[in-house]
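Coordinate analysis (summary)
Listed below are the residues making up each chain.
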Amino acid sequence: MRGARAGGGAVGRDELAVVLAYRALGLGDFLTGVPALRALREHFPDHELVLAAPRAVAPLAALTGAVDAVADTAPLALPAPELHGADVAVNLHGRGPQSHAVLEATRPRRLVAFAAAGVDGPRWRAGEHEVARWCRLLAESGIPADPAPERLRLDVAPDPDAAGATVIHPGAASAARRWPAERWAAVARAERGRGRRVLLTGSAAERPLAQAVARDAGLPAGAVRAGATDLAGLAALLAGAARAASGDTGFSHLATAVGTPSVTLFGPVPPQEWGPPPLRRHVAL
């Protein structure tokens, strides 16, 4: 087997049996699946655990201590041919039948998945929290899995440059989660009025948005970090910060993963299904 090591390099360990975990989705999806990935690592300690997911999550996958390699995979696309014939393939992607068909096409020796269209397995439950859902899939398939909040945590070295700062992430992948820029600017001004340093994050495409918020809030140009960090850098920035606010679920789950107190404007899906764990330091509005 050859794939992208979770830390970014190549890996080739043909002598090991492979557990293929399929979750070819975004940042928030990856982070809510971390407890399930850790459960797989613990249940199959002598297997190579390969995560089929976008390459961008590889630096964070390395921090879980669970994933040996990330195979760059687009949503509902087949994993690399070298991953066909895995000892165990686990569908952490969806309820099927499309994602089931993708994994069945790789001809694993065993498929762990929710029951659908000729596939035996645990029953899908509507309204279940995403963390609990995938842990239950494993537990009801004979693989113990604990969805406790501490199982979400990543050990990230904090960026000292963010010490004491409030990090605001004004963008979001979905238009439905984008709060108006002028309201984020009002939050930034309020934080600045409390004597708190404010940093604005986002993707390169969201840099103009962050710059607009900074101008409206009277922040210096150096406050804009959008487009200047990769996922690992963003995680380090968040780990060093004192607090965070956003309307983006991926950013919210990253704050949860590094333990930084956070406020998230949540929607359109309910926080009961996708929100942060029930800890006082994380608030979903």
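Everything below is about the structure printed above this text.
Residues numbered from 1 in each chain as written. Predicted model: local features only at pLDDT ≥ 70, side-chain atom pairs only at ≥ 80, totals over all residues. Heavy atoms only, no water.

Some details on helix 2 (residues 34-43)
Most of helix 2 is tucked away: eight of the 10 residues are buried. Among the residues of helix 2, those classed as buried are Val-34, Pro-35, Ala-36, Leu-37, Arg-38, Ala-39, Leu-40 and Arg-41. Looking at the buried positions of helix 2, the neighbouring elements they touch are strand 3 (18-22), helix 1 (27-32), strand 4 (48-53), helix 3 (58-63), strand 6 (88-91) and helix 5 (130-139). (Buried < 20%, exposed > 50% of the residue type's maximum accessible area, 1.4 Å probe, protein only. Helix = DSSP H or I, 4+ residues; strand = E, 2+ residues; numbered from the N terminus. Contact = heavy atoms within 4.5 Å.)

Quick notes on the pattern of salt bridges
This structure, assessed with the given rule, holds 13 salt bridges. The partner of Asp-68 in a salt bridge is Arg-41, with the nearest N and O atoms 2.7 Å apart. You can see Asp-68 sitting in the loop between helix 3 and strand 5 (69-72) and its partner Arg-41 sitting in helix 2, a full 27 residues away along the chain. Note on Asp-68: relative accessible area 16%, which makes it buried. Salt-bridge contacts for Arg-151 lead to Glu-42; the nearest nitrogen and oxygen are separated by 2.8 Å. Taken as a pair, Arg-151 in the loop between helix 5 and strand 8 (166-169) and Glu-42 in helix 2 lie far apart in primary sequence, 109 residues in all. Under the relative-accessibility criterion, Arg-151 is labelled buried at 15%. Here the salt bridges share partners, and the residues they tie into one network are Arg-125, Glu-128, Arg-136 and Glu-140. (Salt bridge = Lys/Arg side-chain N within 4 Å of Asp/Glu carboxyl O.)

Looking at the packing of aromatic side chains
With the rule as written, the count across this model stands at four aromatic pairs. For the pair Trp-124 and Trp-134, a centre-to-centre distance of 6.1 Å together with 70 degrees between the ring planes defines the contact as edge-to-face. Remark: Trp-134 occurs in helix 5 and Trp-124 occurs in the loop between strand 7 (111-112) and helix 5; sequence separation between them is 10 residues. Between Trp-179 and Trp-184 the ring centres are 5.0 Å apart and the planes differ by 80 degrees, which places this aromatic pair in the edge-to-face class. Trp-184 gets classed as buried once you look at its relative accessible area, which sits at 3%. What links up through ring pairs into an aromatic cluster is the set Phe-114, Trp-124 and Trp-134. Here the guanidinium or amino end of Arg-133 rests over the ring plane of Trp-124, the centre of that ring lying 3.9 Å away. (Phe/Tyr/Trp six-rings, centres within 6.5 Å; stacked < 30°, edge-to-face > 60°. Lys NZ or Arg CZ within 6 Å of the ring centre and 35° of its normal.)

Looking at the sheet that holds strand 11 (residues 262-264)
Strand pairing in a sheet takes place through backbone hydrogen bonds and is either antiparallel or parallel in direction. The parallel open sheet is built from five strands, whose spatial order is 9-8-10-11-12. The outermost strands of the open sheet, each flanked by one partner alone, are strand 9 (198-200) and strand 12 (282-284). Taking the axes of each pair of neighbouring strands and ignoring which way they run, one obtains an average angle of 15 degrees across the sheet. Across three bridges, the pairing between strand 11 and strand 12 is parallel. Each bridged residue has a counterpart across the sheet, and for Val-263 the counterpart in strand 12 is Val-283. (Pairing = 2+ DSSP bridges. Axes fitted to C-alpha atoms, helices over the stretch in contact; angles between N-to-C directions.)

Here's the deal with the nonpolar core
If you look at the biggest cluster of nonpolar residues, it comprises 48 residues, and the most contacted ones within it are Phe-30, Leu-40, Leu-51 and Leu-92. Leave out the neighbours within four places in its chain, and Leu-51 touches Ala-21, Arg-23, Phe-30, Leu-37, Val-57, Val-67, Ala-69, Val-70 and Ala-71. Listed in part, the 15 residues of the second largest apolar core include Val-213, Ala-223, Ala-226 and Ala-245. (Core = buried A, V, L, I, M, F, W, Y, C linked by side-chain atoms within 4.5 Å.)

Some thoughts on the side chain of Thr-256
Take Thr-256: it is sitting in helix 9 (residues 249-258). Ignoring sequence-local partners within four residues, the contact set of Thr-256 consists of Leu-152, Arg-153, Pro-276, Pro-277 and His-282.

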